Amino acid sequence: MNKLIQIHPQDNVLIVRQSIEPGDKEMINDAEIVFDKPIALGHKIAAIHLQKGDVIIKYGVPIGSATMELVAGTHIHLHNMKSDYIPTYTLDEEFIHAK
Amino acid sequence: MQGYLRSDGRKGIRNVIVVAYLVECAHHVAREISSSFKGQNVHLIGFPGCFPNAYADRIMNALCIHPNVGGALLVSLGCESFNRNRLLENIHASGRPGHLVGIQKQGGTRKAVSDGKEWVANALKEIEKVEKVDMQISDLIVGTVCGGSDATSGITANPAVGRAFDRLVANNGIAIFEETGEMIGLEGIMSKRAVTPELSEELRKSVEKAAKYYTIMGHGSFAPGNADGGLTTIEEKSMGAYCKSGNSPISGLIKPGDVPHKAGLYLMDVVPDGEPRFGFPNISDNAEIVEMIASGSHLILFTTGRGSVVGSAISPVIKICANPETYERMDEDMDINAGKILLNKATLDETGNEIFEKIIEIASGGLSCSEELGHQEFILTYKTFEPIGPSCLPQ
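J.: Just to check I follow, could you spell out the interface of chain B and chain A for this structure?
T.: Taken together, the contact between chain B and chain A spans 33 residues of the former and 30 residues of the latter. Between chain B and chain A, a total of about 2400 Å² is buried, with carbon and sulfur atoms accounting for 65% of that surface. On inspection of chain B and its partner chain A, the count reaches two salt bridges. A salt bridge links Lys44(A) to Glu236(B); the shortest N-O distance between them is 2.8 Å. At the junction of chain B with chain A, the criterion picks out 15 residue pairs in polar contact (both at pLDDT 80 or more). Elements with a contribution of two residues or more to the side of chain B that touches chain A: helix H7 (187–191), helix H8 (197–217), helix H9 (224–228), helix H10 (234–242) and helix H12 (324–330) of chain B.

J.: Can you help me understand the nonpolar core in this one?
T.: Here is a general trend for soluble globular proteins: nonpolar side chains tend to be buried in one another's company. All names here are of chain B. The biggest cluster of nonpolar side chains holds 62 residues, and the ones touching the most others in it are Phe-165, Met-190, Leu-299, Leu-301, Ile-320 and Ile-355. The contacts of Met-190, once residues within four sequence positions are left out, are Phe-177, Met-183, Leu-203, Val-207, Tyr-242, Ile-250 and Leu-267. Membership of the second largest hydrophobic core comes to 42 residues, among which are Leu-22, Leu-74, Ala-294 and Phe-302.

J.: Where do I start with the sheet that holds strand E1 (residues 4–5) of chain A in this structure?
T.: Backbone-to-backbone hydrogen bonds pair the strands of a sheet. The strands run either parallel or antiparallel. Residue and element names in this part refer to chain A. Spatially, E1-E2-E5-E8 is the arrangement adopted by the four strands of the open sheet, whose pairing is antiparallel. Single-partner strands in this sheet number two, and they are E1 and strand E8 (75–76). Where strand E2 (residues 13–16) meets strand E5 (residues 44–46), three bridges bridge the pair, whose relative direction is antiparallel. Its bridge partner lying in E5, Leu-14 is registered against Ile-45.

J.: Please explain the domain arrangement of chain B as it appears in this structure.
T.: By a widespread convention, an interface's size corresponds to the accessible area lost as its parts come together. All names here are of chain B. Under the domain assignment used here, chain B contains domain 1 (2–133) and domain 2 (137–392). Using C-alpha coordinates to define each centre, domain 1 is positioned 27 Å away from domain 2. Roughly 2400 Å² is buried in total at the junction of domain 1 and domain 2, and carbon and sulfur atoms are behind 58% of that figure. On the domain 1 side of the contact with domain 2, Ile-13, Arg-14 and Tyr-55 bury the most area, a combined 29% of that side's loss. Where domain 1 touches domain 2, the interface holds three salt bridges. Between Arg-58 and Asp-258 there is a salt bridge, and its shortest N-O distance comes to 2.6 Å. Linking domain 1 with domain 2 are 17 residue pairs in polar contact (both at pLDDT 80 or more), by the criterion used here. Elements that contribute at least two residues to the side of domain 1 that touches domain 2 include exactly strand E2 (11–12), strand E3 (16–21), strand E4 (42–46) and helix H2 (54–64). For the side of domain 1 that touches domain 2, the element with the most residues is H2, which contributes seven residues.

J.: I tried to follow the environment of Asp349(B) on my own but got confused; where do I start?
T.: Residue and element names in this part refer to chain B. Looking at the element boundaries, Asp-349 is found in helix H13 (residues 348–363). Between the alpha carbons of Asp-349 and Pro-159 there is a distance of 9.2 Å; along the sequence they are 190 residues apart. Within the structure, Asp-349 has its side chain in polar contact with the side chain of Arg-163 (distance 2.8 Å).

J.: Explain the sheet that holds strand E11 (residues 264–268) of chain B here, please?
T.: All names here are of chain B. Reading across the sheet, the seven strands line up as E10-E11-E9-E8-E12-E13-E14 and stay open at both edges, with parallel pairing between neighbours. Every other strand in the sheet has two partners, leaving strand E10 (250–254) and strand E14 (336–337) as the edge strands with one partner each. Where strand E12 (residues 299–304) lies against strand E13 (residues 317–321), five bridges are found, and the strand directions are parallel. Bridge pairing links Thr-303 to Ile-320 in E13.

So, how was this worked out
Residues numbered from 1 in each chain as written. Chains lettered and ligands numbered in written order. Predicted model: local features only at pLDDT ≥ 70, side-chain atom pairs only at ≥ 80, totals over all residues. Heavy atoms only, no water. Contact = heavy atoms within 4.5 Å. Buried area = accessible area lost by both parts, 1.4 Å probe. Salt bridge = Lys/Arg side-chain N within 4 Å of Asp/Glu carboxyl O. Polar contact = N/O pair within 3.5 Å; in protein donor to acceptor, adjacent residues only side chain to side chain. Helix = DSSP H or I, 4+ residues; strand = E, 2+ residues; numbered from the N terminus. Core = buried A, V, L, I, M, F, W, Y, C linked by side-chain atoms within 4.5 Å. Buried < 20%, exposed > 50% of the residue type's maximum accessible area, 1.4 Å probe, protein only. Pairing = 2+ DSSP bridges. Domains from an automatic or database assignment.

Below is the structure:
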């Protein structure tokens, strides 16, 4: 079963709709990606190759930008993207982004 | 559906006695009174502040004459600033039983508790006589809020609530969505849905105000659990939250305590006006729930991915769980399992219809999960608002 969905045709991220286990394989951007780490329900995966500074599109609208180069299949979260409005606060200091 | 007919023509889906403390110093006495009626329709509400605040005064007045409220007991220490006499006058003017217990006047805790309990016991009998009349969807005001959001909220529960809201509005009901702090980045898309260009400008300005306010506070409407659940930025959370509003045109912009009277979809602006003075706009989800109830909401649709358990005083809360894994762990707290959409077991439209049917069931007297579990959370703090302008509620 395909564990990823694209919410909007313009999105450059895919959403995990059932938790991914290590060893799971998915076709992304015409290439087979084998996941080596678990990725939880609801998280984002790069659908295409993205450059640092590229806008991340979900629901067909910008939701922030990439802070580093991301190959298709990369788990996208606080460690490699940021808000273009208000920095995100988490309990883990290392993830707090300077604006 | 049948409702309790009130003197202002509104109809309630519940008939509760509220016990309201008018300062934190009266909280214990009020709780002693209300908790002795556990399992009956007696709910504890209150305002902890001793300094006067026009917003808190307005909300407390709106709540004590809410259509779901049959009567109110006010519990005062005696030296606080709250205008207890005017509140009591308003309760009486609405035809409801009302009573004031002054702790200092009564001679202390024990006497005040005893007087309050006696009054509530009698009031419960008195409000049984309130006339019940037929009630339509067009008599209902429904608010929506999300809490404990994760990345599933924006793809299952929230758009499903949007479908239910569309159906509610199509049936001439009133729907309220809120939290402009979670529309940051979406002001352009949202303001296009306004029924007039002037309202469109007001919607855009309300989100701008929220962005400025949260920037000064140094922290957006984003909790660490949101990130654990796969949400990375406020824009992403915003877009997920925004779809609760559905696709209906936006008929107006209200502030807490403004009650819409015309069918349609309304945005509630909960961010205070002026420079930040009293801290964050809403310190937790129940603050927004209280504000939507003060604006007349008979019931609240609460979507959650991480798993919130809250209910509310006065109006039932229907909980819609977005995440199928959360639902499995916390099903006793959840009224609707929207997570099944992710497992291809239901469509958004089917889940939207299920929510709509649940609204009717709960409005007809069925208990929501949080009501059955005894949840009656309530919080009210300091805020400052300017009144809304004429372009906010186009005729």
